[in-house]
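Survey of secondary and tertiary structure
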Amino acid sequence: MNSLVLKGSPKTPSINFDPSTGTFLIEGRSIPENSLDFYKPIMEWLDSYIGSPEELTTVVVKLEYFNTSSSKCLLDVFKKLEGIFKRGHKVSINWHYETDDEDMLEAGEDYQSIIKIPFEMIEDEV
Amino acid sequence: MNFDLNQWYSEKIDEDAIFYYKGCIEDQNVTEILSSIEDILHKNNESPKIYKKIFNVIVELVQNLYHHGEVPPELSLPYSKFGVLIMRDEGMQYRISAGNFLKIDGLKLIRDRIDQINTLSSDETQSLYRLILNNDEFSEKGGGGLGIVDIARKSGNNMEYQFLEYNESYLFLSIDVII
């Protein structure tokens, strides 16, 4: 299975999902008007990955901004991974937020309250 | 008397207005508006915390316009998404005003939702946000009102709104968010 690599843009995050290490990076901004268009290939890639996942999958989320239409798509990404977590695979989500960015910390806590995968909240000094 | 868009707009543009836009809200316009807002916040040396709050709120407001800003046929515009965005620096606070036309039958849904959100505490707003986020009815285009809940949550202030009668089919909705 190939890695999923998407270059970031002013409205979309850079994506680097490496199936050989189980490390998935989402970084930058996710503020497209039509988030489904952007996240559709990501969801399709994940459908393949969850068929034979690594023993440990680590998702690193380093978002500066995301809009509410992306928030639903991110939840769908986490729900897909929750499926393999429930089947006994290890999954962790490292949610990064910049110092003083309480809104981004709270956004991580929103997902933490919904998703059963363990979250680690990581404060990045600016 | 029916709503006069140009008069309403010109009255909003005074010396406090640091950004104003009236017109088409397609993809490219959204990108340009957001880029201009970032330039202004940079020049204002705004703190990262306020900068992010303002940018986030404006993203939601502009994308609301993109998804819901209608064009009454009487305006005879060559495009189908219309909106207004004004940012004012009032010294102690920023006031962001967004305006769009909508069909009269959309009034109750939006008014009830804003009125409901304005009565909620910050904890209740957070609970409502989580409820809508995890609700299957919420789609990419919105529908569950998550954008408006997010705006309320990030601003921490009540939204001020006005529905102004444009003609027998359309209203003009203006929303003010204070940060």
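Structure: above.
Just so you know, these numbers come straight off a predicted model, no measurement behind them. (Residues numbered from 1 in each chain as written. Chains lettered and ligands numbered in written order. Predicted model: local features only at pLDDT ≥ 70, side-chain atom pairs only at ≥ 80, totals over all residues. Heavy atoms only, no water.)

For the rest of this paragraph, the subject is the overall build of chain A. Each helix and strand counted, chain A has three helices and six strands in total. Secondary structure of chain A in N-to-C order comes out as β-β-β-α-β-α-β-α-β. The C-alpha atoms of chain A give 14 Å as radius of gyration, which agrees with the globular expectation for 126 residues (14 Å, within 12%). In chain A, the share of contacts with a sequence separation of at least 24, taken over all contacts with a separation of at least 6, comes to 70%. Of the roughly 5600 Å² that chain A leaves accessible, carbon and sulfur atoms contribute 49%. In chain A, 12 positive and 23 negative side-chain charges are present, and the distance between their average locations comes to 10 Å. (Helix = DSSP H or I, 4+ residues; strand = E, 2+ residues; numbered from the N terminus. Rg over C-alpha atoms; globule rule 2.2 N^0.38 Å. Contact = heavy atoms within 4.5 Å. Areas by Shrake-Rupley, 256 points an atom, 1.4 Å probe, with all protein chains shown as cover. Lys, Arg positive; Asp, Glu negative; His and termini not counted. Charge placed at Lys NZ, Arg CZ, Asp CG, Glu CD.)

The subject of this paragraph is the sheet that holds strand S1 (residues 4-6) of chain A. If you walk across this open sheet you meet the six strands as S1-S2-S3-S4-S5-S6 (chain A), and the pairing is mixed. Looking at which strands have only one partner, the edges of the open sheet turn out to be S1 and strand S6 (119-124) of chain A. Within the sheet, the average angular offset between the axes of one strand and its neighbour, ignoring direction, is 15°. Along the sheet, helix H2 (residues 68-86) of chain A makes contact with strand S3 (23-30), strand S4 (56-66), strand S5 (90-98) and S6 of chain A, crossing S4(A) at roughly 170°. Along the sheet face, helix H3 (residues 48-68) of chain B touches S3, S4 and S5 of chain A and points at about 90° away from the line of S4(A). (Pairing = 2+ DSSP bridges. Axes fitted to C-alpha atoms, helices over the stretch in contact; angles between N-to-C directions.)

Everything listed is a geometric property; what it means functionally is a separate question.
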